[in-house]
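Each chain is listed here by its residues.
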Amino acid sequence: MCIAVPAEILEIRDGNIALVDYGELQQEVRIDLVDVKVGEFVLVHVGFAIQRLSREEGLETRELFKEVYKAMEEADHA
């Protein structure tokens, strides 16, 4: 199973590289496959932005990921 993670575009570098924010982590990703601007949200899979998201979708999906990770951590400690 493959998972794409929502991230916000913070900065565009060298035309096809963007600095993105996942909420608690920042990383450079390739943006060759999408046309994006700073401030927009994208889905990132294996270092590539593969789809643009609305801000609402990006924030909502990010929150769902946080809830899943928290539940997984709680299950590990139970």
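Residues numbered from 1 in each chain as written. Predicted model: local features only at pLDDT ≥ 70, side-chain atom pairs only at ≥ 80, totals over all residues. Heavy atoms only, no water.

A. Region of interest: the pairing of strand S2 (residues 17–21). Within S2, five of the five residues are buried, leaving the element largely enclosed by the surrounding structure. On S2, burial covers both faces: Ile17, Leu19 and Asp21 on one face and Ala18 and Val20 on the other are all buried. Strand direction decides the pairing type here: strand S1 (residues 5–13) and S2, joined by five bridges, are antiparallel. Across the sheet, Ile9 pairs through a bridge with Val20, a residue of S2. Here S1 folds back onto S2, and the loop between the two strands holds three residues, one of which, Asp14, carries a positive phi near 55°. The antiparallel hairpin formed by S2 and strand S3 (residues 26–30) contains four residues in its connecting segment, where Gly23 sits at a positive phi of about 120°. (Buried < 20%, exposed > 50% of the residue type's maximum accessible area, 1.4 Å probe, protein only. Helix = DSSP H or I, 4+ residues; strand = E, 2+ residues; numbered from the N terminus. Pairing = 2+ DSSP bridges.)

B. Up close: unusual backbone geometry. A positive phi angle, near 55°, is found at Asp14, a position not held by glycine. Its location among the elements puts Asp14 in the loop between S1 and S2. Within the chain, Val46 stands out as a residue other than glycine whose phi angle is a positive 45°. You can see Val46 is positioned in the loop between strand S4 (41–45) and strand S5 (48–53). On the accessibility criterion, Val46 (68% relative accessible area) is exposed.

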